[in-house]
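Architecture at a glance
Chain by chain, the residues:
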Protein chains: 2
Amino acid sequence: MTSRSHFPTVGILGAGQMARMLIEAATRLNIEIKLLSKSADESAALIANNVTVGDINNYSDLSVFALDTDVITFDLKEFPYENLKRLEKEGQVFRPQISAIEQLENSDFIKKTLIDANLPFQDNVANFERLLSVQAARSEHGQTVVYSVVQSKKIDEILDEVIAPAPNLSDAHASELQLITLKISELFDIHGVFTVDFFDLGNNKFLISQIKLGPTNSGLWTIDGATTSQFENHLRAILNLPLGSPKLLAPITVMVNVLGGQYLDMYKPFLHCMAHDPDLRIHLYGKEVKEGRKVGHVNISGNNLSDLLERAHHAADYLTGRITE
Amino acid sequence: MTSRSHFPTVGILGAGQMARMLIEAATRLNIEIKLLSKSADESAALIANNVTVGDINNYSDLSVFALDTDVITFDLKEFPYENLKRLEKEGQVFRPQISAIEQLENSDFIKKTLIDANLPFQDNVANFERLLSVQAARSEHGQTVVYSVVQSKKIDEILDEVIAPAPNLSDAHASELQLITLKISELFDIHGVFTVDFFDLGNNKFLISQIKLGPTNSGLWTIDGATTSQFENHLRAILNLPLGSPKLLAPITVMVNVLGGQYLDMYKPFLHCMAHDPDLRIHLYGKEVKEGRKVGHVNISGNNLSDLLERAHHAADYLTGRITE
């Protein structure tokens, strides 16, 4: 018998950077990850030690892969519902559950559920002041933890920057958004981590904008800025393990997205950024660089927001090639 | 061309928990690790995706393994010097260098070098007040970073507890020990991370006790307690990359060793500890549990030393089976 004997194995369908970061979190917990990847050079497949190359749309691939997993989770944009439901009927555990994923792709259902629960929802608002996001984790036992409210900024519909915690938000309003987030997890019976995006309309008015299951880009700051990352808490939640503390490690953490740009080989700009700023936490996903493709992110923590924003954006701009010094 | 094209590959000889934690640090940096392990179920071999099972004492195993590595580092207790020197002659880069490793196994040489440099050395002291340790990283370019002085406690010659930073040590004395540590790195031309242990004799008298190359148990707190861990800075240093900040993330971080004990299967006590204390950072190495064998460690950060010590020891005692509630 080894120390691994009753430690669970988590299957992940899809092998992008979210799967890669789940693997990083799994190692220290002694949780084994099994990956189903469409090719051997996907971001997570490059670092995983248990990879099956296969097609999620092929039921035989899926069912063979599932055999020795305790629970299966996802790093997918599109879900092969028919296959997943068939496998679920045969006893496979999926977290989040297939029903929750499907419900949350149905905007009419979301709208109706939120309105019935008296929660302020609108999926599209032309003129809002800023985006706020709240991330939480919930396990089958119903245990929940909720992270600080963060401020998000998008450029061309891609998340560009996150500030944790959101500046200029009263404790009372932060708590209000956190409570709405927890209520949403019950309404849709969500297991795992998830994120609720809010439009801040100003004058202390907030509207729910989106509900996203699994680890998200707006939670990437947690790797370096929180006691327990979104990835570790996702694993704990889907395995029904006690959840870890979501406490901030520093007064402020800033995350800035790194897109592929001028450099097909990012090694030299990577060196430059390390030399320029020893406080930077640079995360690269090993993906082939294409212009506009998300290839990494940087985190930086400290006390001074404008200083942190300047340093994080400098690094991201340099890595992308938008600036050369 | 992929984003990996000029990113280096590090070979590691040996596959214990230090190698495992080096792999964790390598992933986010997009640095590939290649492992030479004596068997497929060593701690690091369980999570690595590029493992060669082979014998370091066999020159052919070693030279084939070395072929596509940029630099080779170590997680070994005993070194096959003859093979290593032969491979070094053929152009293989080792970090730390074989010469430094060999010199630091020669206590007469250490004594002479330190005495010549006017540094206070003694390898065995019967009655000292406490052990202090200083960890630093040094790259080939000569860049160095030094971590805070920590206080270490051993039980039966095994490191049991580390407190970072060391309590009741003046800034002036901490700086003195850090400067001695940096001087030692020059004297022995050390590349990579290394640790210098000191006897604190009381009355502001300190003696150098030991110099250890590579990541050490007294630096395990850095994974959760410092901006850049010893593992990441080891990789950066041996690759001659700019080093990361060694700054503390919290006022105090405590590390306590977890030894194998009563539980062959550690899953249940692991759950208990997670439920008992959500702030705990539990690291398990996936090793077969044997009584007295190091199988993991816990880190916890905060403000109150006695509280942190109590919580970390409770977790370690529970995981070992010394206590059951």
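**What to know about the overall build of chain A**
When helices and strands are counted, chain A shows 10 helices and 13 strands. For 325 residues, the compact-globule estimate of 2.2 N^0.38 gives 20 Å, and the C-alpha radius of gyration of chain A, at 20 Å, lies within 12% of that figure. Overall size of chain A, expressed as C-alpha extent along the three principal axes, is 55 × 50 × 35 Å. Within chain A, the fraction of its 325 residues that count as buried is 51%. Sequence-distant contacts in chain A: of pairs separated by 6 or more residues, those separated by 24 or more amount to 61%.

**Points about the nonpolar core**
Generally speaking, nonpolar side chains in soluble globular proteins are found buried as a group. Of all hydrophobic cores here, the largest spans 195 residues; its most connected members are Leu22, Leu35 and Leu235 of chain A together with Leu22, Leu35 and Leu235 of chain B. Those residues in contact with Leu35 of chain A, other than ones at most four positions away along the chain, are Ile12, Ala15, Ala19, Ala44, Ala45, Ala48, Asn50, Val51 and Thr52 of chain A.

**Remarks on the relation of the copies chain A and chain B**
What connects the two chain copies is a rotation about an axis and a shift along it. For the pair chain A and chain B, the superposition axis carries a translation of 0.0 Å, the fit reaches an RMSD of 0.0 Å, and the rotation angle comes to 180°. Those values place the two copies in the arrangement expected of a two-fold rotation axis. Looking at the rotation axis and the C-alpha trace of chain A, the residue lying nearest is Asn49 of chain A, at 2.1 Å. The overlap is high: 97% of the interface residues of chain A also sit at the interface in chain B, so the same surface is used on both sides.

**Observations concerning the interface of chain A and chain B**
Taken together, the 39 residues of chain A in the interface contact 38 residues of chain B. Elements supplying a minimum of two residues to the side of chain A that touches chain B: α1 (17–29), α9 (267–276) and β12 (281–284) of chain A. For the side of chain A that touches chain B, a count of residues per class yields 20 nonpolar, 12 polar and seven charged.

**Structural notes on the sheet that holds strand β3 (residues 51–53) of chain A**
Residue and element names in this part refer to chain A. One open sheet holds the four strands; their spatial order is β3-β2-β1-β4, and the pairing between them is parallel. Strand pairing shows two members of the sheet lacking a second neighbour, β3 and β4 (71–74), which therefore form its edges. Strand-to-strand, the axes of this sheet are offset by a mean angle of 25°, without reference to chain direction. Of the strand pairs in this sheet, strand β1 (residues 9–13) and β4 are connected by four bridges, and their pairing is parallel. Residue pairing for β4: Leu13 is matched across the bridge by Phe74. Relative to the sheet, α1 contacts β1 and β2 (32–37), its axis offset from that of β2 by approximately 165°.

**Describing the pairing of strand β10 (residues 205–213) of chain A**
All names here are of chain A. Summarising the sheet, strand β9 (residues 192–202) and β10 pair through eight bridges and their orientation is antiparallel. Opposite Asp197, over in β10, you have Gln210 as the bridge partner. The antiparallel hairpin formed by β9 and β10 contains two residues in its connecting segment, where Asn203 sits at a positive phi of about 50°.

**Some words on the pairing of strand β5 (residues 130–138) of chain A**
Residues and elements named next belong to chain A. When you tally the buried positions in β5, you get eight out of nine residues, the bulk of the element. Strand direction decides the pairing type here: β5 and β9, joined by nine bridges, are antiparallel. Residue pairing for β9: Val134 is matched across the bridge by Val196. Inspection of the sheet shows β5 paired to strand β6 (residues 144–146) by three bridges, in the antiparallel sense. Across the sheet, Ala136 pairs through a bridge with Val146, a residue of β6.

**Examining the packing of helix α2 (residues 59–66) of chain A against helix α3 (residues 81–89) of chain A**
All names here are of chain A. Between α2 and α3, the least distance of the axes is 10 Å, while the angle of their chain directions is 40°. It follows from the interaxial angle that α2 and α3 lie oblique. The two elements α2 and α3 cross, and the hand of that crossing is right-handed. Across the interface between the two elements, Tyr59, Leu62, Ser63 and Ala66 of α2 pack against Asn83, Arg86 and Leu87 of α3. In the contact of α2 with α3, the residues fall into four nonpolar, two polar and one charged.

**A closer look at the domain arrangement of chain A**
How big an interface is tends to be expressed through the accessible area that disappears when the partners come together. Residues and elements named next belong to chain A. On domain assignment, one finds that chain A holds domain 1 (9–94) and domain 2 (107–320). On a C-alpha basis, the centroid separation for the pair domain 1 and domain 2 is 23 Å. The interface is formed by 16 residues belonging to domain 1 together with 14 residues belonging to domain 2. Those elements that provide at least two residues to the side of domain 1 that touches domain 2 are α1 and β4. For the side of domain 1 that touches domain 2, the element with the most residues is α1, which contributes nine residues. Its residues placed into classes, the side of domain 1 that touches domain 2 shows 11 nonpolar, three polar and two charged.

What counts, and where the lines are drawn
- Residues numbered from 1 in each chain as written.
- Chains lettered and ligands numbered in written order.
- Predicted model: local features only at pLDDT ≥ 70, side-chain atom pairs only at ≥ 80, totals over all residues.
- Helix = DSSP H or I, 4+ residues; strand = E, 2+ residues; numbered from the N terminus.
- Rg over C-alpha atoms; globule rule 2.2 N^0.38 Å.
- Buried ≥ 20, exposed ≤ 12 C-beta atoms within 10 Å, placed from the backbone.
- Contact = placed C-beta atoms within 7 Å.
- Core = buried A, V, L, I, M, F, W, Y, C linked by C-beta atoms within 7 Å.
- Least-squares fit on C-alpha atoms with pLDDT ≥ 70 in both.
- Nonpolar A, V, L, I, M, F, W, Y, C, P; charged D, E, K, R; others polar.
- Pairing = 2+ DSSP bridges.
- Axes fitted to C-alpha atoms, helices over the stretch in contact; angles between N-to-C directions.
- Parallel < 35°, antiparallel > 145°, perpendicular 65-115°, else oblique.
- Left-handed = near helix turned anticlockwise from the far one by under 90°.
- Domains from an automatic or database assignment.

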